[in-house]
Amino acid sequence: MLILPMVFRLIPTILCMLICATSFAQKGGRFVEASQDISYHFTVTSYSTNQGLPESQVVDIVPTNGGSLLLATADGIVSYDGHEFIEFIEDQRYKNHYPNDLLWDEYSQRLFVNEFGGNLYIFHPYYKKLQSCSASTLVNHTLYCLNEAGDLLKADTKELVFKQTAKTGVKKAISLHVAYPFVYIGTDTGISVYNMTTKKVSQLSNEGTITRFYTNPYNHQLFALGIKQIYALTSKSATPSFELTVPESDAIIKDMVAVSSEEYYVSTTHGLHYITPDYQELFRTEVLPSDNLIALYFNEKEGCLFAGSIEKGLLRLLLKTCYSDECTSEGGLRQSSSTSIITTYS
């Protein structure tokens, strides 16, 4: 007789447990509870070694035309097809190198890697060191690399015969971008640009280390990423842009990605910034598993933003409720210039 009342009293508890289990179940990843709050733009799914990543530090993310992502971790490179992480590089000697940039070429179906320290390798379909250089980049199936003396070399990605194409005179390069006839070079002291037509070099900025270059695919604006500052570039100027509001003075800019002609995400060691011309918001561990982020990639077709973190693996950010309107941190709505923010496939 006493059992039935006890069962009735337990029903609310049982229902609550079932609802929670359903709400936080995410196929293939770990659901972040904090992002359920209506005030946040998105929910987040994280993927780590429990889901098949070789290591939980993801340092670069590169897409292929086949729809997969290539992920460089601190202990190996894998492809991700939306369901599983697959190791595809046969020669394990590549793991002796720490990748800085993955350079995937669809034309040759080859994976090139610029390692920390600057040397250029091919990792797939075979392993080989190609050049000793300070910085490398891939443009239209052509590899460019800048050696310690400032000589610019280039090679077709199938033939891999490197030939000197210019003497820039810029030594100890860290980053490189080629948009003929201009060669943009980032060093630990600033930005130089070399004109391959006039064979002259000029200094655009001398205000600190430039780690990478990024071109907005929607309006073709070129940016240079410094440790503390992002610059909008032309062949004649470097204009400071995106003054990030970060409480910590030791925050370092790591990567940026455009989701429209005027909307950007910027990853730093202290959070993810969403930036428009008249609005800026910082997302940290109240919604993200990690606010120490490295690499970013935006899949326009699926509307999905991926972020590589320093210790929590791969993060996938999913829009919750807003499309033409944008959710603010106060839970209200403000008009957005596009329908982007972030969405993903299930």
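Worth saying up front: this structure is predicted, and the values here are computed from it rather than measured.

## Notes on the confidence of the model for the protein chain
Step number 1: Here the protein chain averages 84 in pLDDT, and 80% of its residues register 70 or above.
Step number 2: Segment residues 31-36: pLDDT under 50, and 23 contacts once partners within four positions in sequence are set aside and those in other chains are kept.
Step number 3: Between residues 321-346, whose pLDDT stays under 50, and residues either more than four places distant or in other chains, the model counts 78 contacts.

## So, the environment of Leu204
Step number 1: Along the chain, the position of Leu204 falls in strand S18 (residues 200-205).
Step number 2: In this structure the C-alpha to C-alpha distance between Leu204 and Tyr184, which are 20 residues apart in sequence, comes to 9.4 Å.
Step number 3: Leave out the neighbours within four places in its chain, and Leu204 touches Tyr184, Ile191, Ser192, Val193, Thr234, Ser235, Lys236, Ser237 and Ala238.

## So, the sheet that holds strand S17 (residues 191-195)
Step number 1: Ordered in space as S15-S16-S17-S18, the four strands form an open sheet in which the pairing is antiparallel. In this open sheet, the two edge strands, each paired with only one partner strand, are strand S15 (175-179) and S18. Ignoring which end each strand starts from, the neighbouring axes of this sheet average 20° apart.
Step number 2: Relative to S17, strand S16 (residues 182-186) runs antiparallel, the two being bridged by five bridges. Residue pairing across strands places Gly186 opposite Ile191, the latter belonging to S17.

About the cut-offs
Residues numbered from 1 in each chain as written. Predicted model: local features only at pLDDT ≥ 70, side-chain atom pairs only at ≥ 80, totals over all residues. Heavy atoms only, no water. pLDDT = per-residue confidence, 0-100. Contact = heavy atoms within 4.5 Å. Helix = DSSP H or I, 4+ residues; strand = E, 2+ residues; numbered from the N terminus. Pairing = 2+ DSSP bridges. Axes fitted to C-alpha atoms, helices over the stretch in contact; angles between N-to-C directions.

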